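Residue strings, one per chain:
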Amino acid sequence: MRSLFADTNSEYEKDKEIHFQNMMAIATKMMGLTVRTEIHSAKGRCDMQIFTLDFVYVFEFKIDSTAEDALAQIYEKGYAIPFESDSRTVFLIGANFSTTMRTLDDWIIEKLKIKD
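The rules behind each value
- Residues numbered from 1 in each chain as written.
- Predicted model: local features only at pLDDT ≥ 70, side-chain atom pairs only at ≥ 80, totals over all residues.
- Heavy atoms only, no water.
- Helix = DSSP H or I, 4+ residues; strand = E, 2+ residues; numbered from the N terminus.
- Buried < 20%, exposed > 50% of the residue type's maximum accessible area, 1.4 Å probe, protein only.
- Contact = heavy atoms within 4.5 Å.
- Areas by Shrake-Rupley, 256 points an atom, 1.4 Å probe, with all protein chains shown as cover.
- Arc of directions from axis to C-beta.
- Polar contact = N/O pair within 3.5 Å; in protein donor to acceptor, adjacent residues only side chain to side chain.
- Core = buried A, V, L, I, M, F, W, Y, C linked by side-chain atoms within 4.5 Å.
- Pairing = 2+ DSSP bridges.
- Right-handed = clockwise from strand over helix to strand, strands pointing away.

Chemist: Summarise the overall build of the chain; cite the residues concerned and give the values.
Modeler: Looking only at helices and strands, the chain has 3 helices and 5 strands in total. Helices and strands appear in the chain in the N-to-C order α-α-β-β-β-α-β-β. For the chain, the residues scored as buried account for 39% of the 116 residues in total. Of all intrachain contacts in the chain linking residues separated by at least 6 positions in sequence, the fraction that spans at least 24 positions is 48%. A total of about 6900 Å² of accessible surface is found on the chain, and carbon and sulfur atoms cover 52% of it.

This is the structure we're talking about:
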């Protein structure tokens with residue numbers, strides 16, 4: 001993904017998170033995966049979710065921030081709660097894009113821990 005972003009002109013949308021989000025969604029869809037973006041919930045709006053037969057990936061993107069902030073938002077807003085009873089393995093991914101580097105510069109991946 002870093003290579004894809006680094007080779008793409010983002011001059012016109014370099015400070016817009018949606019530019020990076022759309023590129024991630026398009027690349028993922030081109031791989032044949034099921035992708036949803038801007039998923040509304042009771043506490044907010046999740047940037048992207050990817051679904052396979054065995055896995056669910058819950059993404060939050062930030063721009064010129066940190067992957068930690070993005071991951072914290074997934075927890076704070078409860079974006080993964082709908083998947084707590086899902087039989088698939090759920091991964092939470094906080095990612096940050098840099099407008100200076102014009103690419104993905106940091107990410108964190110955590111497996112969802114189900115509360116008892």
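Chemist: Could you give an account of helix H3 (residues 67–77), with specific residues and numbers?
Modeler: Within the span of H3, buried status applies to Ala67, Ala70, Leu71, Gln73 and Ile74. Down the axis of H3, the buried side of the element spans an arc of 150°, and every buried residue falls inside it. Buried residues along H3 sit against strand E3 (55–63), strand E4 (89–98) and strand E5 (103–111). One or two steps after H3, the chain reaches glycine 78, where phi turns positive at roughly 70°.

Chemist: Summarise the side chain of asparagine 96; cite the residues concerned and give the values.
Modeler: The residue asparagine 96 is located in strand E4 in this model. Using a relative accessible area of 2% as the deciding quantity, one classes asparagine 96 as buried. Of the polar contacts made by the side chain of asparagine 96, one reaches the backbone nitrogen of aspartate 64; its length is 3.3 Å. Here asparagine 96 is in contact with Lys62, Ile63, Asp64, Ser65, Thr66, Ala67, Thr103, Leu104, Asp105 and Asp106, once residues within four sequence places are set aside.

Chemist: Outline the nonpolar core, listing residues and values.
Modeler: Core analysis: the biggest nonpolar cluster contains 13 residues, and Val56, Val58, Ile74, Phe83, Val90 and Leu92 have the highest contact counts within it. Elements that contribute at least two residues to this core include exactly strand E2 (45–51), E3, H3 and E4. In this view, isoleucine 74 contacts Val58, Phe59, Glu60, Tyr79, Leu92, Ile93 and Gly94; residues no more than four positions away in its chain are not counted.

Chemist: Outline the pairing of E4, listing residues and values.
Modeler: Remark: a regular strand shows side chains that alternate across the two faces of the sheet. The buried count for E4 comes to 8 of 10 residues, which makes it a mostly enclosed element. Direction of pairing for E3 relative to E4: parallel, over a ladder of 9 bridges. Considered in E4, the bridge of lysine 62 is made with asparagine 96. Note that the unit made of E3, H3 and E4 has a crossover that is right-handed. Pairing of E4 with E5, which is carried by 8 bridges, proceeds in the antiparallel orientation. Directly across from isoleucine 93, in E5, lies its bridge partner isoleucine 109. In sequence, E4 turns back onto E5 through a hairpin of 4 residues, with arginine 102 there showing a positive phi of about 60°.

Chemist: Got a sec to walk through unusual backbone geometry? Specific residues and values, please.
Modeler: Its identity is not glycine, yet glutamate 38 carries a phi of approximately 50°, on the positive side. Mapped onto the secondary structure, glutamate 38 falls in strand E1 (residues 34–40). Given the relative accessible area of 25%, glutamate 38 is considered partly exposed. Phi at aspartate 64 takes a positive value of approximately 55°, unusual for a residue other than glycine. Accessibility expressed as a relative area gives 47% for aspartate 64, which makes it partly exposed.

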